[in-house]
Structure formats: structure tokens, C-alpha cells
Amino acid sequence: MILGAHEGIAGGVSRAFERAEQDTAKSIQIFVRNPRGWASKPFEPDEVERFRSEARRTRMPLAAHSIYLANHAAADPELREKSWSTLADELARCEQLGIASLVFHPGSNADVEGGLKLVAEGIERAIDAVKGKARLLIEITAGQGKSLGWRFEHVAAIREAVPGQARRRVGVCFDTCHAFAAGYDLSTTEGYERTFRDFDGVIGLDHLSAFHLNDCKKALGCRVDRHEHIGDGALGLTPFRLLVNDRRFAELPAFLETEMRFRENLDVLRSLLR
Ligand SMILES: [Zn+2]
Ligand SMILES: [Zn+2]
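What comes next is a walk through the structure. Note that the coordinates shown come from a computational prediction; the quantities given were computed from them, not determined experimentally.

1. Here's the deal with the side chain of H72
Then, number 1: Tracing the chain through its elements places H72 in the loop between β3 (62–65) and α3 (77–97).
Then, number 2: Once residues lying within four places of it in the same chain are set aside, the contact partners of H72 are R80, S83, W84, L87, F104, H105, P106, G107, L118 and V119.

2. Digging into the state of the cysteines
Then, number 1: Applying the stated rule across the entire model yields zero disulfides.
Then, number 2: With no disulfide of its own, C94 lies 13 Å from the sulfur of C173, the closest cysteine sulfur.
Then, number 3: Cysteine C216 is unpaired, with the sulfur of C177 as its nearest cysteine sulfur at 3.6 Å.
Then, number 4: Residue C216 is classed as buried on the basis of its relative accessible area, which comes to 0%.

3. A few points about the pairing of β3
Then, number 1: Residues L62 and A64 line one face of β3 and the alternating positions A63 and H65 line the opposite face, and both faces are buried.
Then, number 2: Relative to β3, strand β2 (residues 28–30) runs parallel, the two sharing three bridges. Paired with Q29 across the strands is A63, a residue of β3.
Then, number 3: Running through helix α2 (residues 45–58), the crossover from β2 to the neighbouring parallel element β3 is right-handed.
Then, number 4: For β3 and strand β4 (residues 101–104), the ladder comprises three bridges, and the chain directions are parallel. Among the inter-strand pairings, H65 is bridged to a residue of β4, identified as V103.

4. Regarding the layout of surface pockets
Then, number 1: In this structure, the largest pocket occupies an estimated 880 Å³ of space.
Then, number 2: Forming the boundary of the largest pocket are 39 residues, of which Y68, H105, H178, D225 and H227 lie nearest the centre.
Then, number 3: Residues of the lining of the largest pocket, tallied by class, amount to 12 nonpolar, 18 polar and nine charged.
Then, number 4: Every residue lining the second largest pocket is counted, 16 residues in all, and those nearest its centre are G12, V13, K41, P42 and F43.

5. Some words on the nonpolar core
Then, number 1: Formed by 80 residues in total, the largest nonpolar core has its most connected members in F211 and L213.
Then, number 2: The dominant element in this core, judged by the number of residues it contributes, is helix α4 (residues 112–129), at six residues.
Then, number 3: F211 has contacts with M1, C173, F174, F196, L243, F249, L252, P253, A254 and F255, leaving out every residue within four places of it along the chain.
Then, number 4: If you look at the next biggest cluster of nonpolar residues, it comprises six residues, including A63, V103, L137 and C173.

6. Details of the coordination of the zinc ion (ligand 1)
Then, number 1: For the zinc ion (ligand 1), every protein donor is listed as E139 (OE), D175 (OD), H212 (ND1) and E257 (OE), and the spread of their distances is 2.1 to 2.3 Å.
Then, number 2: The site at the zinc ion (ligand 1) holds four donor atoms, and with the angles between them running 85 to 176 degrees, its shape is irregular.
Then, number 3: One chain supplies every donor for the zinc ion (ligand 1), spaced along it as E-x35-D-x36-H-x44-E.
Then, number 4: D175 gets classed as buried once you look at its relative accessible area, which sits at 0%.
Then, number 5: Classification of H212 as buried rests on a relative accessible area of 0%.

7. Some remarks on unusual backbone geometry
Then, number 1: The phi torsion at R59 lies on the positive side, around 55 degrees, for a residue other than glycine.
Then, number 2: Positionally, R59 belongs in the loop between α2 and β3.
Then, number 3: We note that R261 has phi near 50 degrees; this positive angle belongs to a residue other than glycine.
Then, number 4: Counting through the fold element by element, R261 comes out in the loop between β10 (253–256) and α10 (262–271).
Then, number 5: On the basis of relative accessible area, R261 is assigned to the partly exposed category, the value being 38%.

About the thresholds
- Residues numbered from 1 in each chain as written.
- Chains lettered and ligands numbered in written order.
- Predicted model: local features only at pLDDT ≥ 70, side-chain atom pairs only at ≥ 80, totals over all residues.
- Heavy atoms only, no water.
- Helix = DSSP H or I, 4+ residues; strand = E, 2+ residues; numbered from the N terminus.
- Contact = heavy atoms within 4.5 Å.
- Disulfide = S-S within 2.5 Å.
- Buried < 20%, exposed > 50% of the residue type's maximum accessible area, 1.4 Å probe, protein only.
- Pairing = 2+ DSSP bridges.
- Right-handed = clockwise from strand over helix to strand, strands pointing away.
- 1 Å grid on protein atoms, 1.4 Å probe; cavity = no way out; pocket = protein on both sides within 12 Å on 5 of 7 lines; lining within 4 Å.
- Points joined across faces, edges and corners; volume = space filled by probe spheres on them.
- Nonpolar A, V, L, I, M, F, W, Y, C, P; charged D, E, K, R; others polar.
- Core = buried A, V, L, I, M, F, W, Y, C linked by side-chain atoms within 4.5 Å.
- Donors = N, O, S within 2.8 Å, 3.2 Å for Na, K, Ca; no water.
- Tetrahedral: all angles 85-135°; square planar, octahedral: opposite > 155°, others 65-115°.

Structural data, given as C-alpha cells:
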């Protein structure tokens, strides 16, 4: 795994690189819009240039995370439309900055089947609107409320509903906290193996493109999204020891989202390497 973190963009997106270096991160995830609102200004051309030159200098694998306000499965057409166009805008920003992938949460809808189809439609729209290489990664969610994406079957159904050509640009991001909260017990060696066997059978490990490494504050199956520092939560160190040493995932970026103490958490992860 290429261990990194979700870095802040205060002062401009290009500032994420120096923060990552201070944290000893080797890969970076950022927001490409203001995560707390719908409005966002386009990038200044010199900021794009600075970002690209930092990316060339550091050669770190890059990902973006979509804003949390979006609901791509929303029953309300106005919210859905706003969410879909935001996703397309974020994908365009990734293309502009040279960021390989955009991670997003599918959204929520009481009608699971209908909701999953809407997410696929939003994905197809974004990919059709933004020519290029940047990919969309569906994140496994904790399944809070009516959120979709907490079963591997949901994620597979979304991917499969995207037409073939566009589907090649759709991958998956595995969040350790979310999967555990959703009921996938990866806290033991046996549970870890079962979880990824299950993932492979339902989605296919080929489509796994990134990880979010977070411990989980609450118990298995709690369906609540509360991140904890690595080793301090209900997951413990076992799954992280297995992950960092799993050769299947050696080339994949893995981002901490513990919001602070990145360096400390990265030290813990590196101490687990065999
Ligand atoms: Zn995550
Ligand atoms: Zn989360």
C-alpha cells in the first residue's frame, strides 16, 4: 500500500503537498471544492500550475474526495440534479489537476433498487460530460440511515448499471471503518479473508482502486460512521497488519481520514510492515 492521508487545502490545493510531506504521507487525497457548501470558485490558472508542478516533484498518487452534501440517489430531483452536476464538476477539476480518481459516497434513498439506478445515472452523466482518464470510485459506506453502498451488492449493482464504455472509469474505494460498521468483520484473520473473498466474489478485486484506513469508534455492525485512530478502535491492529502486508494491495493508495495525528498513525501502520 502507498500510505497517505486526506490533507487540507487551506491556502490553495497545492498546499496539500507540503502538509503531506510533514506528515510523511506518500499519497494524498484532497477536496477539490469547498466541502461545506455548494458554491465553489474555479481554480486560478497559476494555482493549477503550482499543483501540477508539486505533483511532478513529489510523484505522489493523488485522489480527490467528493463533498458530503451531495446525494446522487436523492428522491428529490432538485437535490439530485445539484449533486450530479457537482460530481461532474469535481471530476472536471480532477482532470484539470491531473488527479487520478474521485472518491464519492453513493447517497441515500429509502428505495434501494431505484436509488442504486439513480447513482449509476449520475456516474454516467459525469463521465460523459468529462472526457479524459480521471475515474470515479464508489466508496463502501457505513450504512447510516438510508445510505446506500454499505453492501458489496449495492456497489456491484451501481457499477453494473453503468454502460460498458463508461464503466471502465468506475472503481471502488474500501473504507475499513465503514465496512466494519456495515457489518463486515475484518477484525480477525479469518474475518479479513472472508471479507475480501466476499468482495472479490461480488464486486471483483480488480475494481478495488483505493483504501481509506480508519479504525472504528463503534462496534461491528453499528451502521455509524465514526473514525478512530489506527489501533485505538473496535478494529484494532490485526486488519491493518494484514492490509499493509497484503501483496494484492501493494500498489494501491491508502488514505488516513482520522483528521489529525496523521504522522503518528502512519508510524503505527509502518510499524506493522513485515
Ligand atoms: Zn472514507
Ligand atoms: Zn467515514
